[in-house]
Amino acid sequence: MTAEPAVTVVGAGNPLVGDDGVGEAIAARLAELSLPPGARVRVAGGDPLIVLEELEAGRKVLLVDAAQFDGEPGSVRFVRLDRPGWPEPAAALSLHGFDLATVFQLGRALDLPLRNAWVMAVRPATIEAGRGLSPALTRVLPRLVAGAHRATLRMLSGLAPGGE
Amino acid sequence: MGKSTSISVHHVTRVEGHGNIVVDLKDGTLTRCELQIVESPRFFEALLKDRPHDEAPRITCRICGICSVGHATAAIHAVEAALGIAPGPKTRALRRLNMCGEWLQSHVLHAYFLVAPDLFHAPSVIPLATTHPEIVRRALRLKGLANEICYAISGRHVMPISYLPGGMGHWPSAAALEVLHARLVAARADVEATVELFAPIEWPDFSQEIEALAALEEDGAYPMMGGPIHSSRGKVFAPGAYREASAEHIVDHSAAKHTRGADGPVRVGALARFQLAHERLGPAARQAAAALNLSPATRNPFHYTPAQVVESVQAFEEAITLTELLLGDPSPEERAPVTRPRGGVGVGLAEVPRGTLIHDYEIGSDGRIVRANCVIPTAQNLAAIEADMRAFVPALVARPKDEITRAMEMLVRAYDPCISCAVHLLDVSFVGQGHDGGAAGPESPTAGGRG
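The rules behind the values
- The residue numbers shown here count from 1 along each chain, following its written sequence.
- Labels follow written order: the first chain is A, the first ligand is 1, and so on.
- Under the rules for a predicted model, residues below a pLDDT of 70 receive no local features and side-chain atom pairs below 80 are neither given nor counted, while totals for whole chains, interfaces and linings still include all residues.
- The side-chain quantities take in all heavy atoms of the structure and omit both hydrogens and water.
- Only DSSP runs of H or I reaching four residues or more are called helices, and only runs of E reaching two or more are called strands; each is numbered from the N terminus.
- Any residue under 20% of the maximum accessible area for its type is buried, any over 50% is exposed, and the rest in between are partly exposed; the area is computed with a 1.4 Å probe on protein chains only.
- In this analysis, two residues are considered to be in contact whenever any of their non-hydrogen atoms come within 4.5 Å of each other.
- The pairing criterion for strands is at least two bridges between them, as found by DSSP.
- Crossover handedness is defined here as right-handed if the route from the first strand over the helix to the second strand goes clockwise, with the strands pointing away from the viewer.
- Whether two aromatic rings pair depends on their centres lying within 6.5 Å, for rings of Phe, Tyr and Trp, where Trp uses its six-membered ring; planes under 30 degrees apart make the pair stacked, over 60 edge-to-face, and the rest tilted.
- Within this scheme, the nonpolar core is defined by two criteria: the residues are buried Ala, Val, Leu, Ile, Met, Phe, Trp, Tyr or Cys, and they are joined through side-chain atoms within 4.5 Å.
- Whenever a nitrogen or oxygen atom comes within 3.5 Å of another N or O atom, the pair is scored as a polar contact, on the condition that within protein one atom can donate a hydrogen and the other can accept it, and that pairs from neighbouring residues in sequence are kept only if both atoms are in side chains.
- In what follows, salt bridge is the name for a side-chain nitrogen of Lys or Arg lying within 4 Å of a carboxyl oxygen of Asp or Glu.
- Domain borders in the structure are assigned automatically or taken from a domain database.
- Reported buried area values correspond to the accessible surface (1.4 Å probe) lost by two parts on association, with both partners' losses combined.
- Note that Gly is not counted as nonpolar here; it falls among the polar residues with everything else outside the nonpolar set of Ala, Val, Leu, Ile, Met, Phe, Trp, Tyr, Cys and Pro and the charged set of Asp, Glu, Lys and Arg.

Novice: What am I meant to see in the overall build of chain A here?
Specialist: The secondary structure content of chain A amounts to four helices and five strands. Its helices and strands in sequence order give chain A the pattern β-α-β-α-β-β-α-β-α, from N to C terminus. Per-residue burial for chain A yields a buried fraction of 56% across its 164 residues. Once local pairs closer than 6 in sequence are excluded, the contacts in chain A between residues at least 24 apart make up 74%.

Below, the structure is given as structure tokens:
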């Protein structure tokens, strides 16, 4: 039996920009929980290149980040990084501006196993300057942390993170 | 009929943040040459107001993901200066080691991801990864190593929250330092390969004398952790007199303030540090400078990148030395002293990858921050960038427009500007009852840049 690769949960975003900090908030609370061997938590700030570092090291990745999509604030989607349809990377490539499309393109160019990276996208209520999460996301934070914990365990077991 | 040329680079690529270049030429004469900083202001200082002083490093480290250790360092220096606290040698060593990690990460990313594509005639790092994957993989390895330094020292890869007045809230175990040391030693080949990669590069031939500034440590170490501000004009300024060295002022076309020295623009950052403190480099960094043909006499801003490569070597070698120092030091961890709230004013400096970072705080008698001012390296370099653009363009006027454009972008990029950090300095004013204050009103969303 082949052991499943270890999993790194990466919390992305900036707590100075409202709900953009939800990735870090989830990661910080997840790190306080009892995680099984093989799981670790990293805080990425605005640096999603950490995803590629982890893939290069042979680990699976669950990137937790705020993302705009249809749905209520606090709703969650899981997206595999190698799914088709990422837009072309932003023209203005910068260290602050590395978006997931860029990470995808760069990972593909380097032939990294992008199928091992998932995004846990959390719908924010507000993305604007100011410290702390919105009341809406603060209310559902325990549920989001539990969801990230469950997703980590599933990935350690070789499953997709978002199933039941 | 005279010939007019107008170059407008909307959104300079491969710099951090959003800026535009605008150049107007009429009959071969330069009539306008601006680096327009167009990002929304982010009001960092307002986030500090009324907060407990010990929160300052934890708040300001979120200003920028690339310079987060530098902001935490300048912030804790300002708080400690205000409260009259002097950290012990072990704390200072730990903080310097963390800064080594940030220098290595930032310099490697700039050199490999933002500059190298120009050198290999690739539009960005993505096609470079296709044609030269070994180069990009090496960059990722070095970046990962730098992140591991920060993780071992502060418990987080970026945005450290362990800086306390007079101490640190996280101390690495001996086992963690052993692992880090082994990783560092194993990475030496990648550092040497970095020097080899950039050594043959012939940088554009351009030179301009501009005052260089750097905060030099009084113990003779290579400038990293702050100290009096030294000028290439021979002047020395105490940290509290930073406005005499680099005075902020507002310009119409920039959401970031500019600064000026006694005689005009100033340069800060790797090139300025190398110019002012090259004799403080260690042997390996000196060898790298020789291999890169980098002379302290250079006044060519394109040499920022080889200076960053030299500083990468310095940071890497210092990281090994500091790790060994900490491993061999049996003294106990230094605990942050318990301090009663008291007021004070303090200025904290740090030499972050892009130059001299200044935090200036006034702390009230209740221990809360009354006033804060942050002077960002990129803001200090903006006037120098424009001065270089004005001097550089006349030599380019006979070239095709796209070549001029590319050359101007390379020039701006050479300074490694962090625009997201810089755009927090605009004073907002409103005229009359209605909103007539331009694009910088508080209604403007400020979510741009996660820093």
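Novice: I'm lost on the pairing of strand β1 (residues 7-12) of chain A in this one. Help?
Specialist: Two faces, one strand: in a regular strand the side chains alternate between the faces of the sheet. Residue and element names in this part refer to chain A. Among the six residues that make up β1, six are buried, leaving the element largely enclosed by the rest of the structure. The two faces of β1 match: Val7, Val9 and Gly11 on one face and Thr8, Val10 and Ala12 on the other face are all buried. Direction of pairing for β1 relative to strand β3 (residues 60-66): parallel, over a ladder of five bridges. Each bridged residue has a counterpart across the sheet, and for valine 10 the counterpart in β3 is leucine 63. Of the pairings in the sheet, the one linking β1 to strand β2 (residues 39-45) comprises six bridges and is parallel in character. If you follow valine 7 over to β2, its bridge partner there is alanine 39. This β-α-β element, β1 to helix α1 (residues 22-32) to β2, shows right-handed connectivity.

Novice: Sorry, what's going on with the packing of aromatic side chains here?
Specialist: One pass over the full model with this rule turns up five aromatic pairs over all chains. Ring pairs connect the aromatic residues Phe206, Phe302 and Phe392 of chain B, which therefore count as one cluster.

Novice: Would you mind showing me how to read the nonpolar core here?
Specialist: Generally speaking, a soluble globular protein has its nonpolar side chains buried in company with each other. Leu106 of chain A together with Phe113, Phe198 and Met408 of chain B are the most contacted members of the largest nonpolar core, which has 141 residues in total. For this core, the element with the most residues is helix α4 (residues 89-119) of chain B, which contributes 16 residues. Excluding its chain neighbours within four sequence positions, the residues that come into contact with leucine 106 of chain A are Leu49 and Leu52 of chain A together with Phe113, Val125, Ile126, Ala129 and Val136 of chain B.

Novice: Before we go on, may I ask you to explain the side chain of threonine 8 of chain A in this structure?
Specialist: Residues and elements named next belong to chain A. Along the chain, threonine 8 turns up in strand β1. In this structure the side chain of threonine 8 is engaged in a polar contact, spanning 2.6 Å, whose partner is the side chain of arginine 59. Beyond its immediate chain neighbours, meaning those up to four positions away, threonine 8 contacts Arg40, Arg42, Glu54, Arg59, Lys60, Val61 and Leu62.

Novice: Where do I start with the pattern of salt bridges in this structure?
Specialist: Pairing between side chains becomes possible if they bear opposite charge and their charged atoms approach one another. Following the criterion strictly, the structure yields 32 salt bridges over all chains and no others. Taking the shortest distance from any N to any O, the salt bridge between arginine 32 of chain B and aspartate 24 of chain B comes out at 3.2 Å. Exposure remark for arginine 32 of chain B: the relative accessible area of 34% places this residue in the partly exposed category. Between arginine 141 of chain B and aspartate 190 of chain B there is a salt bridge whose closest N-O contact spans 2.9 Å. Remark: aspartate 190 of chain B occurs in helix α8 (residues 188-198) and arginine 141 of chain B occurs in helix α6 (residues 133-154); sequence separation between them is 49 residues. With relative accessibility at 14%, the residue aspartate 190 of chain B sits in the buried group. Connected through shared salt-bridge partners, Arg40, Arg42, Asp47, Glu53, Glu54 and Arg59 of chain A together with Lys143 and Glu148 of chain B make up one network.

Novice: Please clarify how the side chain of serine 134 of chain A should be interpreted in this entry.
Specialist: Examined against the element boundaries, serine 134 of chain A turns out to sit in the loop between β5 (117-122) and α4 (135-156). Once you skip the residues sitting within four places of it in the chain, serine 134 of chain A turns out to touch Asp19, Ala125 and Thr126 of chain A.

Novice: Before we go on, may I ask you to explain the domain arrangement of chain B in this structure?
Specialist: Residue and element names in this part refer to chain B. Each domain of chain B was delimited in the assignment, giving domain 1 (5-40 + 386-448) and domain 2 (44-328). The partner domain 2 presents 36 residues to the 29 residues of domain 1 that form the contact. Both faces considered, domain 1 and domain 2 share a buried interface measuring about 2,800 Å² in area, 60% of it formed by carbon and sulfur atoms. Applying the counting criterion to the domain 1 and domain 2 interface returns two salt bridges. The salt bridge involving aspartate 388 is made with arginine 267; its shortest N-O contact spans 3.1 Å. Connecting domain 1 to domain 2 are eight residue pairs in polar contact (both at pLDDT 80 or more). Top contributing element to the side of domain 1 that touches domain 2 by residue count: helix α14 (residues 401-414), with six residues. Taken together, the residues of the side of domain 1 that touches domain 2 break down into 16 nonpolar, three polar and ten charged.

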